[in-house]
Amino acid sequence: MLILSFESSCDETSAAVCEFGSPAAADGTSTTAFVPRIRSNIIASQIETHRLYGGVVPEIASRAHCDAICKITEEALEVAGVGLGDIDTVAVTNTPGLVGALLVGVSFAKSLAYSRGLPLVPVNHIRGHVAANYYDHPDLVPPYLALVASGGHTSLIHVHSYTDFETIGRTRDDAIGEAFDKVGRVMGLPYPGGAEMDRLASLGNPDAVKFPSAAVVGDNLDFSFSGLKTAVINHLHNCEQKNEEYRREDIAASFTKTVVSSVLKKLDMAVKLTGLHDIAIAGGVAANSHLRAALSAYCERQGLRFCMPPLKLCGDNAAMIAAQGYHEYLAGVRADSSLNAIPND
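Peer 1: Any chance you could explain the overall build of the chain here in plain terms?
Peer 2: Helices and strands together make up the secondary structure of the chain, namely eleven helices and ten strands. Computed over C-alpha atoms, the radius of gyration of the chain comes to 21 Å, within 12% of the 20 Å expected from 2.2 N^0.38 for 345 residues, which places it in the range of a compact globule. Dimensions of the chain, computed from C-alpha atoms along their principal axes, come out at roughly 65 × 45 × 30 Å. Here the chain holds 345 residues, and 51% of them are scored as buried. Across the chain, every contact between residues at least 6 apart in sequence was considered, and the portion connecting residues at least 24 apart equals 73%. With an accessible surface of roughly 14800 Å², the chain has 51% of that area assigned to carbon and sulfur atoms. Computing the positive centroid from 27 side-chain charges and the negative centroid from 38, the chain places the two 4 Å apart.

So, in structure tokens, the structure goes:
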């Protein structure tokens, strides 16, 4: 089965062709496991454009999606070595995200599916991030616990089935990636600041400054990164006002340590609450080396299985939408020409 998928929820326009099928068992019968294969995964990034403004400008993002989507679709088909006549299903992100950006992908996918008489499958962007794990871990089978950490979302999700997701913890304000970017901007780092913060944190002293935890106090699984972000920014401003020098490496390391410890605290609570033994991380911040290492070490100590997508699939991409789209298709999810973009899930 070949799925042509689209992702345009923020500032990356992506089209992918992915193949899914059930392998034959030793006795010749089919199994329920699926074998995913990425035939192509083309991404047109807008980072350089939005770097001029220190963040994503929605209107500019929407126009850039319009400019890129036809070209990357043609490229995705060419790289995959297939034509539109070979495609079985079209999948597209329709929620959550920037409404104008989403509309570009949704409108394009609807038109293409209608013109070719193909099934159209709407996909939740967050579910797509989680599904990115299936390419390297096709044996990851629900139920399991997923941590989604990205620029716009931070959630702990109980994945009951491939299409049944229960959010059991979330950020009450800023997302984890948003906090990294905003702190990085105040430190003078180029947008997006997450990657440079990760590098600097490896060079600094994680105990140089004590910052408040982002784990919300109490019997809950929620986060609040706004207070942590503000504490770091206030510390930087105080140093500047007093003409006190500080090492960006130490700030990055101390901030990163606090973020990671906050995540581990709530993750541990979630594991004990759900009794789940398989843990998956997903989202752009899943590329953070310190978070990956800490979660891996935690799971090893606790005797848990830890799954993480390859770095190239942590950010927004259409291959992850195809992976989730496959399961939505099997569950009978379909959309017609009335499909719309929904900015908030």
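Back to the write-up after that little detour.
Peer 1: Please clarify how the pattern of salt bridges should be interpreted in this entry.
Peer 2: Two side chains carrying opposite charge are able to pair once their charged atoms lie near each other. A complete count under the given rule lists 15 salt bridges for this structure. Among the ionic pairs, Lys-182 bridges to Glu-178, the shortest N-O distance being 2.8 Å. Of the two residues, Lys-182 and Glu-178 both sit in helix α6 (residues 176–186), four residues apart, roughly one turn of that helix. Between Glu-196 and Arg-199 there is a salt bridge whose closest N-O contact spans 2.6 Å. Placement of both Glu-196 and Arg-199 in helix α7 (residues 194–201) is noted, with a separation of three residues, approximately one turn of the helix. You can call Glu-196 partly exposed: its relative accessible area is 23%. What makes Arg-199 partly exposed here is its relative accessible area of 44%. Salt bridges sharing partners connect three or more residues here, namely Glu-19, Arg-37 and Arg-39.

Peer 1: Just checking my understanding: could you explain the sheet that holds strand β1 (residues 2–7) for this structure?
Peer 2: Strand pairing in a sheet takes place through backbone hydrogen bonds and is either antiparallel or parallel in direction. A sheet is described by the order of its strands in space; here five strands give the open sequence β3-β2-β1-β4-β5, paired in mixed fashion. Two strands bound the open sheet, and with one partner strand each, they are β3 (35–45) and β5 (120–124). Taking each pair of neighbouring strands and ignoring which way they run, the sheet shows an average axis angle of 20°. Here strand β4 (residues 89–95) runs beside β5; their pairing, made up of five bridges, is parallel. Considered in β5, the bridge of Val-92 is made with Pro-122. Contacting β1, β4 and β5, helix α3 (residues 99–116) crosses the sheet at an angle of about 155° to β4.

Peer 1: Would you take a moment to explain the packing of aromatic side chains for this structure?
Peer 2: Aromatic ring pairs are described here by two measures, namely the spacing of the ring centres and the angle between the planes. In total, this model carries six aromatic pairs according to the counting rule given. Note on Phe-180 and Phe-255: the rings are 5.0 Å apart at their centroids and 80° apart in plane angle, and the pair reads as edge-to-face. Of the two residues, Phe-180 is situated in helix α6 and Phe-255 in helix α9 (residues 248–274); the sequence distance between them amounts to 75 residues. Of the two residues, Phe-180 and Phe-255, both sit in the buried class. Members of the aromatic cluster, each reached through a chain of ring pairs, are Phe-20, Tyr-135 and Tyr-326.

Peer 1: Could you clarify how one ought to interpret the nonpolar core in this entry?
Peer 2: As a rule of thumb, nonpolar side chains are buried together in soluble globular proteins. By size, the foremost hydrophobic cluster in this structure holds 46 residues, and its most contacted members are Phe-255 and Leu-295. Of all the secondary structure elements, the ones that give two or more residues to this core are β6 (144–149), α6, α7, α8 (225–241), α9, β9 (278–282) and α10 (289–302). The biggest single contributor to this core is α9, with eleven residues. Those residues within four positions of Phe-255 in sequence are excluded, and the remaining contacts are Ala-179, Phe-180, Val-183, Met-197, Phe-211, Leu-228 and Val-232. Formed by 31 residues, the second largest nonpolar core is a distinct cluster that contains Ala-16, Val-121, Val-130 and Met-320.

Rules behind the numbers
- Residues numbered from 1 in each chain as written.
- Predicted model: local features only at pLDDT ≥ 70, side-chain atom pairs only at ≥ 80, totals over all residues.
- Heavy atoms only, no water.
- Helix = DSSP H or I, 4+ residues; strand = E, 2+ residues; numbered from the N terminus.
- Rg over C-alpha atoms; globule rule 2.2 N^0.38 Å.
- Buried < 20%, exposed > 50% of the residue type's maximum accessible area, 1.4 Å probe, protein only.
- Contact = heavy atoms within 4.5 Å.
- Areas by Shrake-Rupley, 256 points an atom, 1.4 Å probe, with all protein chains shown as cover.
- Lys, Arg positive; Asp, Glu negative; His and termini not counted.
- Charge placed at Lys NZ, Arg CZ, Asp CG, Glu CD.
- Salt bridge = Lys/Arg side-chain N within 4 Å of Asp/Glu carboxyl O.
- Pairing = 2+ DSSP bridges.
- Axes fitted to C-alpha atoms, helices over the stretch in contact; angles between N-to-C directions.
- Phe/Tyr/Trp six-rings, centres within 6.5 Å; stacked < 30°, edge-to-face > 60°.
- Core = buried A, V, L, I, M, F, W, Y, C linked by side-chain atoms within 4.5 Å.

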